[in-house]
Amino acid sequence: MAPSALFCVVRAVVQIEKAGGASSADGKQISALDVPITNYDQRTEICYGSVGEVRRFEEYLFGSAPRFEKVAVK
């Protein structure tokens, strides 16, 4: 089951992105913080971690990661 966007994802992603990390949500190559919450019990698909990890994730799944083009993968 996918995690709840309102109760789990947003709280974790705020901390991760403030610490310099990134997230990718809903298969749209967007930050989880950019996903509109339209339902109290809304679920979402999520990947979060360092910017390099999320970039590799998006490149593997989607073939490119345009929002991370200027970030070097270590």
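Above this text is the structure in question.
The structure displayed is predicted, hence computed values, not measured ones. (Residues numbered from 1 in each chain as written. Predicted model: local features only at pLDDT ≥ 70, side-chain atom pairs only at ≥ 80, totals over all residues. Heavy atoms only, no water.)

A.B. asks: Please explain the overall build of the protein chain as it appears in this structure.
C.D. replies: A count of helices and strands for the protein chain gives two helices and two strands. Ordered by position from N to C terminus, the α and β elements of the protein chain give α-β-β-α. Taken against the 2.2 N^0.38 rule, which gives 11 Å for 74 residues, the C-alpha radius of gyration of the protein chain at 12 Å falls within 12% of a compact globule. Over its C-alpha atoms, taken along the principal directions, the protein chain stretches across nearly 35 × 25 × 20 Å. (Helix = DSSP H or I, 4+ residues; strand = E, 2+ residues; numbered from the N terminus. Rg over C-alpha atoms; globule rule 2.2 N^0.38 Å.)

A.B. asks: Explanation requested: helix H2 (residues 51–62) in the structure shown.
C.D. replies: A rise of 1.5 Å per residue sets the reference length of H2, with its 12 residues, at 16 Å; its end C-alpha atoms lie 16 Å apart and thus fit the reference within 8%. All of the buried residues in H2 are Gly52, Val54, Arg55 and Glu58. The arc that holds every buried residue of H2, seen down its axis, measures 165°, which confines them to one face. Tucked into the core, H2 has its buried residues touching strand S1 (22–25) and strand S2 (46–49). Just downstream of H2, Gly63 is the residue with a positive phi angle, here 90°. (Expected span 1.5 Å × (residues − 1). Buried < 20%, exposed > 50% of the residue type's maximum accessible area, 1.4 Å probe, protein only. Arc of directions from axis to C-beta. Contact = heavy atoms within 4.5 Å.)

Nothing here speaks to function; it is all geometry.
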